[in-house]
Every structure is written in C-alpha cells, then in structure tokens.
Amino acid sequence: MATQQSDIPLSTLKITLIYVVIATLWIAFTDRILESFISDPRYLSTMQTYKGGIYILLTAVGLFYLIKKHDRQLATKEEEIEELSEKFSLEKELSDMLIKKIPVLINIYDPDLEEFRINEEFEKISGWKNNEINKIDFMEACFPDFDLRKEAAEFMDSPGLGWQEFPLTTKSGEQVPTSWTNIKLTDDTSVGIGIDMTEIKASQAKVRESRKLLRKIFESLEESVLLLEPENWTIVDCNKSTEKIFGYPAGKLIGKSTRQLHVNEAAYKEFNELGREHLDKEGIFKTEFKMKRKNGEVFFSDHTVSLVYNEEGEIDKIVSTIRDINAQKEYQQRMEAQNDFISITLQNLPIGVAVNTISDGETNFINDQFSNIYGWPKEVLKDVDSFFDHVYQDEQYREKMREQVMADLNSGNPEQMSWKGIRVTTQDRTVKYVDNKAIPLYEQNLMISTVVDVTEQKKLEQQLRQSEEKYRHMFKKNPEPMWIFNPENLAFVEVNEAAVKHYGYSEEEFLNMTIADIRPPEDIEPLKKDVEEHTGVASYSENWVHLKKDGSRINVKVSAADVNYNNHTYRLVLINDITRQKKLKEQLRKSKERIQTITNNVPGVVYRYILHPDGTDEFKYISKGAKKIWGYSREKIEANNDLIWNNIHPEDLAEIEQAIQESAESLTEWNLEGRIIKPDGTTRWHKGTAIPHKDEEENIVWDAITIDITDQKRLQNKIIQSIIEGEDRERKRIARELHDGLGQYLVAANMNFQSVKPQIGQLPKKREQQFNTGLSHLSKALSETRTIAHNLMPKAIADYGLIAALENLINDLKTSTDINFEFQHNQNRLDLSPKAEVNIYRIIQEIISNAVRHAQCSNISVSLNRYDEFLRLIIEDDGIGIELTDKHEDQGLGLRSIKTRVNSLDGSLDIESEPGAGIKTTITFSEIDKLTDK
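All residue numbers refer to positions counted from 1 along the written sequence of the respective chain. For a predicted model such as this one, the threshold for reporting local features is a pLDDT of at least 70, and the threshold for listing and counting side-chain atom pairs is 80 or more; totals across whole chains, interfaces and linings nevertheless cover every residue. Side-chain descriptors were evaluated using all non-hydrogen atoms of the structure, hydrogens and water having been removed beforehand.

**A look at the pattern of salt bridges**
So, point 1. Here, a salt bridge means any side-chain nitrogen of Lys or Arg that lies within 4 Å of a carboxyl oxygen of Asp or Glu. As enumerated under the stated definition, the model contains 25 salt bridges in all.
So, point 2. Where Lys476 meets Glu494, a salt bridge forms, and the shortest distance between an N and an O atom there is 3.6 Å. One end of the pair, Lys476, is in helix α15 (residues 455-477); the other, Glu494, is in strand β17 (residues 492-495), and 18 residues separate them in sequence.
So, point 3. Residue Arg675 is joined to Glu651 by a salt bridge in which the shortest nitrogen-to-oxygen separation is 3.1 Å. Note that Arg675 is positioned in strand β23 (residues 670-677) and Glu651 in helix α23 (residues 650-666), a separation of 24 residues in sequence.
So, point 4. Remark: exposure states derive from per-residue accessible area (1.4 Å probe, protein chains only) relative to the maximum for the residue type, with buried under 20%, exposed over 50%, and partly exposed in between. A relative accessible area of 59% means that Glu651 is categorised as exposed.
So, point 5. Because the salt bridges share partners, they merge into one network encompassing Arg293, Glu297 and Asp324. The helix count covers DSSP runs of H or I at least four residues long, the strand count covers runs of E at least two residues long, and both are numbered beginning at the N terminus.

Following this line, the structure appears as structure tokens:
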C-alpha cells in the first residue's frame, strides 16, 4: 500500500480537497455518534469540545504528512528534470558533433523547404555557410534549373524512397554529382543525407574508357578470333571475321566443337594433337592448316593459338587466331574482349556509423549500415576488443591492424585517423574491403567511427588491371604489325613483335623513329596532312605505301583509332600487308574481263538468278544474249524481272516454279524446258540449266544459262513424225505382204492339205497323227498371220471407221487378257481424216498396251466423244499408278511417240497419276476441223 500511495502525485488542490472531504465526514458522523450514546447535554457539550481538539490534532498531523509528501515529490521531479536536461544536453552535443564531423552531406529542413541547416561537410562541398543559406532561396541556389528543383523538392517531400542522384550547384557555380536519401522526424522536420559522387563517377569513367579501348582494339582485328575452353576446345566466343571467313554466324559456332571448321575428322584430330603438344611445351602454337568453309570450300589458313592465364596462374582460355591466306585477304581485326567486369553501381553507397567511449572502448551506438558493412550483429561488436577479435579473423593481421589503429589514435592527429582499403571478414567468412575514419571527441570521452564499403571498387580496380594486362598481351602478340604513335610529332610510342619482324627494324630503332621514316619521300607531306585531317576522328582505314628497312616497298591497309594511353591521346594503328592482294585483284580483274567476253559470246543468255529468304527475287547479272533469247535488254530485265515471269507460257509456269522450288530446297541443279512468249508475240522453246549455292546472307543463288531450242524441237518432232510415218508405211507394207503374199500361200497350202484329208486314213496311224498335227499348225499360222496383219494395219479402220476398229481391238483384248474393258463413245462414226483416225488408233493402242503390260490393273475404261468444237479421249485404269517425274518423258519412244502424234493433231495431253491410284490420260483435240478432210 505504501508503495501505491507513494506513487500518487500530490498537488495543492488535491490536499485542499482531501481536507474538505475529511472535515465534512468528521462533522457529519461524529456528532450523530455522540448524540446516539450521550443524552446529557452538558456531557455532550464537553465531549464535543474534546472531539474538536482531536479533530484539530488529527488534521494537523494529516496535513503535515500530505505537505511533506508533496515536497518530496516536487524534489524528485526537479531531480528528474535536471537529469533529463543534462541527458538532453549531452545527446544534443553528441548529435551536433555527429552532424558537424560526419563525412557525408546533412541537410535539416522544415516541410515548407524554407529553413535549412547543413553540416560542415555540406558547407565544404557547396561553399555555403549556415548563416547564409536562410537569407537566400537555398533551393534555387543549389538547383538553378526549375525542373530539377521541382524534382528535388518532390523527392525531399517524400522520405523513404531510397537513394537518388542530383547534380548540386555550389556557391561558385560548379556542379557536383551527389546522391541523396532522406528521413522524416516526429516533429515533421526532415533530414537529407547525401554523398559526394565525384570520385565514384571518376572511377566509373575510367572503367568505361578502359572498356572502350579494349573493345576498340578487339574490333580492329580482321582475322577470325576464336575463344576456346581449354578442356574440350569448345568455342565460347568468336568475332565477326569468323563468319566472314567460315560462313557460319556466331550463333551456329558458340557452344560447338571446332570440328565443323576442319576438312574431316582426321584433320580435326591431327590439328588438336599438334596444338596440345605445342601448347603444353611452349604455350603458343603456330601453323598453316587446311580448313573448310560452310559451303564446303577448302582453304589454307594461318593459325596462331595461345593460352590465357588467370591471376592464379591457371589456364583460363585458349585464343585461336585464324587468317585466310588463300588470296591473302587481310581483314581488319575485330577482337571482342571477354570482359568480366562487374557493373558496379555506387549510387547507394552505404555509410556506417558507430560511437564508442574512449576510456573503456564500450560501444554506445551502432547504426544498421555499420553492422551490415562489417557483417556482424550489433550485439557482437559490443566494444573495441570484440570488434578487433571478430572483424580481423587472422591473428597476425589483427595485431598489425590494432597496432596501426592505436598508434594513429594516440597520435592525436585527426588527419592520421583515416584508413583506406582495410580487409575485414564477415560472420559468414566473406572478405570485404572498407574505408574507415575515426573522429575523436575528447571532451565527451567519445570516438565516432565511420565506414564505407569499397569492396566493389577494389574488384573493379583489380579487373581494370587484368584488362590492361590482357590488352598489352594482345597488342604484343598480335600476328599483324601494330603500333602506337604520337599524332603531334609522328613519333613511335609502342610497336609490337609482328611490326619488328615484318619491317626489319628492332624495337629500339622503331622508338627512335617517326612514322614518316617508313614512307616514300613523295608521301611525307600527304601523310602530315592526313594525320591532321583525322584529328578527333574515332577510327578510319586507308591504303598507303610503306618502306621496309631493306628499302623494299609494300602496299598496306592502315586502320587507325585514337586511344588514351599513359594519359595522352595517341593513335593506335593496325597494318595489313596487301601487296599480294593487289596483285591478285589485278589478276582477278583480267580474269573477269575474259569471262565477260566468253559469256557475251555464248549462243544463249548467261545470268545469275537470286532468291532471297523473304521470297523476293532478282536477276543480278545478265549477259548480252538476253535481247536475242528473251526479247528484252538486260537493263530492262534487271530493272523489272517480272518481264521474264510474265512472258513464260501459262502451261509451263507452274512446272518451272516447282522445279526452282525443289532446286532451292535440295541445292541441286535444275534442267528445264519451257516456252516463252517474246514481246513480238512469237513463242519460242528454251532450255535452261542452273547450278545453285547458298551465299553468306542465306540467299539461294543460281548461275544459269538458257538457250533457244525451238529449231531443235521442231527438228526432233519432224524426226519422230518421220519415224512414225515410216513405221505406219512399214506396217502397211508388212501387213499387205502378210495378207497378199504369205497369207495367200498359207491359204493355198491349207486348201491342198484339206483336199487330201479324206485319204489320210490309208496312212499308218503314226503318219495320220503327224498329218493332223501339221494341218493344225498350218491353221494356227494362218490365223496368227491374219492377226499380225490386222494389228499392223487394221483393215477395219478403212472399211468401217475408227469406232469399229477400236471395238474390234478391245474385243480381242477381252478374249486374250483377264482385264475388264469398257468402251464408251457418243457417235458410231467420227468422220475423221485417215491420218487422224490412224494416229488416234495408234495412241489408244499404245496407251492400252502400256496399261496391260505394266499397270497390273483389273479394269480399263476408254471414252471417245465428239462434240461440236472438240474431240476428247479419256483412258483410265485402276492399276498401281506411278509418281510422275520429268524422267518418264525420256523413257523410250512410247510416250514421245504419243506426244508427237497428239502434237501433230494440235491436241493437248494431260496425264494424272500417283502411286496406288492408277493412271488417267486425257487428250483433247480442240480444233475438230483439223481432224477432218474439210
């Protein structure tokens, strides 16, 4: 109870109320109690007097107690207020010192952005003082641009958005890159925390410059460069020149073995065995070797294979440089550096803060960033000793750091209390690097420590060193001459080994010369002018003449680019010796002239037809024969290749398009015959031959020749017609001789034998049997002779007409085969000319004969119908069918004979078939008058 009462706060009002309540209760109840026990008025008056005295005594004691207690409570509150005041003063001083000494920009501002307070670091960076900023429009001074100022104001009014970069304008007008975050306090005051990004930006710029330099060098190479895995020689990267040399896009090579670049498996194994042997012994492998392009072409190549080591001295990658030396084509190298730089963003640079007492090293305060950077919980880093024990795991390194830090702290010099690139170990054994700064507050017995994580910056610097080492290695070991010169005085600054070897000068001689020393006298002035004109140009290529040490002249292609080397702007040069290439080009030019002369005198048209992946096509080259063959000049055709397609005979267009499509898919030669309608309306037969290949752009390219075979076609048809007519005449002659000659003799012999048949009974039995057998053979010979004569030239055609002759032919086939025949016609007599009837009979006879011999069919239907304007013949079987190809037209005289007979009657032939579906032959004679004698 005492504890509870002591907790009741007292005041003057409360004491007065207590007194009034007790007095009222005393008066109200004590008088009634006395009156209920005492009835004598005098005695009652006496007791009331005693009661009053007791009341005064009790109230005096109670009031004394309450007033005393009230005094003690007042004293306690005064002590608490004094203690809080001291604590607040200490915390305010500590806060002021933190704001004043911490190496970040701090800006305290009100919600209206009218009143600001900045720390010393802010004053140092911006040039403004606290006593100046509230006399001006501080926001406008820091952010003169209206849009930027508006964006900054919105960011400052929205705490908790993380970090954002703003260019801060100083008092002197200089812009400083800064990164900011902000927090809002309980009284609506906001605190902005900023970091000066100048050094970070400079580091990033240095990395970007190094990366550009490395990429520029890589892309200046014209040889094929392959980056291989050392275990299995799998391609992990290649430059664009690889596609130019081999024909494969990078996507088809990366992740694949180099096997596809070799002539065969044996060559691939031989190359790998030689390469591994030399690489194991010497670390570099050079050879000339036959390689194969995507289109199958085999070419000689110059190889340089070397090893790339990592920092641990282990083999990291294999670099293979390949140069096509078939025609000495020199390509500008494009080497794409395998750059493992990690993209480092420093805009969210973390800053850690900790406060320790100097006397005992106890930790009073640690913010979250401090704990996150060192990777240890706040509870573990409770004092300086625990900090050293945990952050510096290695004992020797820990003692070294303790001695260094303590010595710097004991020096009393704040300038020495800053440590850069300190290695620390986190709780999960991760190694980090930090920059640490200590700020002593001796009067308050406090030490403020700030820390910045610079691990990523350390890695970046390490990668930069690696990049520079790789660049120097590629420069020195490049198989093509390279150098760096000063464009101001033309002096050589660096040369590689290939330049020394190719030009004959030693490296020392080169470095004491200028680039004018390797030029002919007549080129020196143009050289100086050229160097001056290309000042500021990123890169360029030109052809020049150079002099070797022995005085010999060489033609070279010079590829140059500006580089930042040793903090100077120099020019990097790559040399390709094109002396032999120029000779080869001249030989190629003369060869092209000879070919041009030949193609222009070919009795036809020579052209190149190109089909692009998107379906468009073009005629790239057309010889002078185009006018004679197609009727159009080559200029008109190249301008509008539809002139050719539109003039192809409609009946041949689909077949030609299909043949081209099949050739494109299989990359096989096409041989086509077709008709073209020339501008003058004449129709000519053409024969075309084309050989396809696929170029580096995935176009299908045909090199073709087309000749006019119209006269040849006419001659061929005349020959076949002559053969057919001669055959028909020979059939008539043989049939007539069989009928009138041999047939008559056989009839006479048969009659003679029949006349003596009644007397054969007088002969011996054996002789009688022989006679009967001979007579039977004679009868069969006579019947066979009549059949042969009829087949050679059916007499029924002349006697009864074509329909009767066909019915007779089909009836004979019905009896001699197991095939079911059906003959349908709409007229009994067609009234055609003898030539037409004989040709149609022979056509039907040939088609039915082929079906009986080859079709393996059960049914054959023949339909021959005459209409007012045309005659149509349809012959269809249900046999095994065939897959129609061009070769069927050339298989013997049969089909050609049919086509010739059809063409002689101005008819059209259409054959439909596919395996398992039989054959349907449709022949239409569209001009009926030509089939009659009218």
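Okay, back to it.
**Structural notes on the pairing of strand β8 (residues 284-292)**
So, point 1. The alternating pattern of β8 places Phe285, Thr287, Phe289 and Met291 on a buried face and Ile284, Lys286, Glu288, Lys290 and Lys292 on a face that is not buried.
So, point 2. Alignment of β8 against strand β9 (residues 298-309), held across 9 bridges, turns out to be antiparallel. Its bridge partner being in β9, Lys292 is matched across the sheet by Val298.
So, point 3. Strand pairing is assigned whenever DSSP identifies at least 2 bridges connecting the two strands. Hairpin connection from β8 to β9: 5 residues lie between these consecutive antiparallel strands, with Gly296 at a positive phi of about 90 degrees.

**Section: empty space enclosed by the protein**
So, point 1. For each structure, a 1 Å grid was placed over the protein atoms alone; sets of points admitting a 1.4 Å probe that cannot get out are labelled cavities, open sets with protein on both sides within 12 Å along at least five of seven lines are labelled pockets, and lining residues have an atom within 4 Å of a point. Grid points are joined across faces, edges and corners, and a volume is the space filled by probe spheres set on the points. Counted by the stated rule, this structure contains 6 cavities of 30 Å³ or more.
So, point 2. Put simply, the largest cavity is a space of about 310 Å³.
So, point 3. Contributing to the lining of the largest cavity are 19 residues, with Tyr607, Ile644, Ile648, Ile656 and Thr706 lying nearest its centre.
So, point 4. Those elements that provide at least two residues to the lining of the largest cavity are β21 (605-611), α22 (642-647), α23, β23 and β24 (683-694).
So, point 5. Top element by residues in the lining of the largest cavity is β23. It accounts for 6 residues.
So, point 6. Class assignment for the residues of the lining of the largest cavity results in 12 nonpolar, 4 polar and 3 charged.
So, point 7. Here the second largest cavity is characterised by a volume of approximately 160 Å³.
So, point 8. In this structure, the second largest cavity is lined by 17 residues; those nearest its centre are Asn107, Phe143, Ala152, Met156 and Trp180.
So, point 9. Those elements that provide at least two residues to the lining of the second largest cavity are β1 (105-109), α6 (138-142), α7 (146-156), β3 (164-169) and β4 (175-184).
So, point 10. Throughout this entry, Asp, Glu, Lys and Arg are counted as charged residues, while Ala, Val, Leu, Ile, Met, Phe, Trp, Tyr, Cys and Pro are counted as nonpolar. The remaining residues, Gly among them, count as polar. In the lining of the second largest cavity, the residues fall into 13 nonpolar, 4 polar and no charged.

**Here we look at the side chain of Asp523**
So, point 1. Checked against the element boundaries, Asp523 lands in the loop between α17 (507-511) and α18 (524-533).
So, point 2. When charges are tallied, Lys and Arg are placed among the positive residues and Asp and Glu among the negative ones, while His and the ends of the chain are skipped. Despite its burial, Asp523 pairs with no opposite charge, the nearest such side chain being Arg519 at 5.8 Å.
So, point 3. The contact partners of Asp523, leaving out residues within four places of it in the chain, are Trp544 and Val545. Residues are treated as being in contact if the distance between any of their heavy atoms lies within 4.5 Å.

**Comments concerning the sheet that holds strand β16 (residues 482-485)**
So, point 1. Judged by pairing direction, the sheet is antiparallel, and its 5 strands sit side by side in the order β17-β16-β20-β19-β18 without closing on themselves. Unpaired on one side and paired on the other, β17 and β18 (539-547) mark the two borders of the sheet. For this sheet the average axis-to-axis angle between neighbouring strands, irrespective of direction, equals 30 degrees.
So, point 2. Where β18 and strand β19 (residues 553-565) come together, 9 bridges link them in antiparallel fashion. Residue pairing across strands places Asn543 opposite Lys557, the latter belonging to β19.
So, point 3. Every angle, taken between N-to-C directions, lies between 0 and 180 degrees, and every axis is a line fitted to C-alpha atoms, over only the stretch in contact when it is a helix. Taken strand by strand, α18 contacts β16, β18 and β20 (568-577), and its axis lies near 165 degrees from that of β18.

**Brief notes about helix α13 (residues 384-391)**
So, point 1. Among the residues of α13, those classed as buried are Ser386, Phe387, Phe388 and Val391.
So, point 2. In this fold, the buried residues of α13 make contact with α12 (368-374), α14 (395-410) and β13 (418-425).
So, point 3. Polar contacts, as used here, are pairs of N or O atoms within 3.5 Å; protein pairs need one atom able to donate a hydrogen and one able to accept it. Residues neighboring in sequence count only if both atoms are side-chain atoms. The backbone nitrogen of Asp385 has a side-chain oxygen 3.3 Å away, supplied by the residue at the start of α13, namely Asp383.

**Examining the nonpolar core**
Burial of nonpolar side chains together is a common tendency in soluble globular proteins.
So, point 1. Residues grouped as a nonpolar core are buried Ala, Val, Leu, Ile, Met, Phe, Trp, Tyr and Cys residues, joined through side-chain atoms within 4.5 Å. The biggest cluster of nonpolar side chains holds 35 residues, and the ones touching the most others in it are Val862 and Leu864.
So, point 2. Considering every element that reaches this core, the biggest residue donor is helix α28 (residues 834-855), with 9 residues.
So, point 3. Excluding anything up to four places from it in sequence, Leu864 contacts Leu802, Ile803, Leu806, Phe823, Gln824, His825, Asn826, Leu830, Leu871, Arg872 and Leu873.
So, point 4. Membership of the second largest hydrophobic core comes to 26 residues, among which are Phe619, Ile637, Ile648 and Ala704.

Worth remembering: the numbers are spatial, not functional.
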